[in-house]
Amino acid sequence: MQLYIFEDSFMALIEQYQLTEEQLEFTGTPQECLELSKADANRHSILAIDEGKLVVFFVLHRKEGVKPYSNNENAILIRAFSTDYRHQGKGYAKKALMLLPEFVKKQYSGINEIVLAVNVKNEAAQGLYKKCGYSDKGERVLGIKGELIVMSHEL
């Protein structure tokens, strides 16, 4: 599996990506994310592709995107992290998160922290993030869909 920054040549994979209603309770669709990325140069849509299949999608957001969650100007925020529901339970999300620190170091010079905010109700995601080296900093913020736990992975 490899991580890629979105390019137009990946559009067919985006169109095939499937999320359930339950997943959409906590995340946005890749199409929504791509529209936001087009309007904001600090938002980067990231694809995890395994054997030609898009299995995980998320956004890395710099600058203003990080501010509600961290005072670190050298941090980058993970948003809208999801796994195509047909590929859930196969370890793809964990693998993508494990590849991410090196990917960030290579693609985004000067970044020294990866930050994310996870819904307090999304216990499965919290457990996954902890297994992948993210720690709960004890900060809570109110998001559109409820209370969020801020987690961090220092690079």
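Please refer to the structure higher up on the page.
A brief look at the structure comes next.

Calculation criteria
Residues numbered from 1 in each chain as written. Predicted model: local features only at pLDDT ≥ 70, side-chain atom pairs only at ≥ 80, totals over all residues. Heavy atoms only, no water. Phe/Tyr/Trp six-rings, centres within 6.5 Å; stacked < 30°, edge-to-face > 60°. Buried < 20%, exposed > 50% of the residue type's maximum accessible area, 1.4 Å probe, protein only. 1 Å grid on protein atoms, 1.4 Å probe; cavity = no way out; pocket = protein on both sides within 12 Å on 5 of 7 lines; lining within 4 Å. Points joined across faces, edges and corners; volume = space filled by probe spheres on them. Core = buried A, V, L, I, M, F, W, Y, C linked by side-chain atoms within 4.5 Å. Helix = DSSP H or I, 4+ residues; strand = E, 2+ residues; numbered from the N terminus. Contact = heavy atoms within 4.5 Å. Nonpolar A, V, L, I, M, F, W, Y, C, P; charged D, E, K, R; others polar.

**Digging into the packing of aromatic side chains**
- The final tally for this structure, using the stated rule, is five aromatic pairs.
- Arranged with centres 5.5 Å apart and planes meeting at 50 degrees, the rings of Y4 and F10 form a pair that is tilted.
- A ring pair is formed by Y129 and Y134, whose centres lie 6.1 Å apart and whose planes are at 65 degrees; its orientation type is edge-to-face. For the pair shown, Y129 and Y134 are each scored as buried.
- Cluster of aromatic residues (ring-pair linked, three or more members): F58, F81, Y129 and Y134.

**A few points about empty space enclosed by the protein**
- Counted by the stated rule, this structure contains one cavity of 30 Å³ or more.
- Along the walls of the largest cavity sit R62, K63, E73, A75 and I111, which together make up its complete lining.

**Focus on the nonpolar core**
- Counting residues in each nonpolar core, the largest one holds 30 residues, and the members touching the most others are F58, L60, I78, F81, L100, Y129 and Y134.
- Broken down by element, this core gets its largest block of residues, seven residues, from helix 4 (residues 92-107).
- In this structure, F58 is in contact with L3, H44, S45, I46, I78, R79, A80, F81 and L100, ignoring residues within four places of it in sequence.
- If you look at the next biggest cluster of nonpolar residues, it comprises 14 residues, including F10, L19, L34 and V59.

**Let's talk about the layout of surface pockets**
- As a volume, the largest pocket reaches approximately 1300 Å³.
- Around the largest pocket, the lining comprises 43 residues; the ones closest to its centre are F26, T27, A80, F81 and N122.
- For the lining of the largest pocket, the secondary structure elements donating two or more residues are helix 2 (21-24), helix 3 (30-39), strand 4 (75-83), helix 4, strand 5 (113-119), helix 5 (123-131) and strand 6 (135-143).
- The leading source of residues in the lining of the largest pocket is strand 4, at seven residues.
- In the lining of the largest pocket, the residues fall into 21 nonpolar, 13 polar and nine charged.

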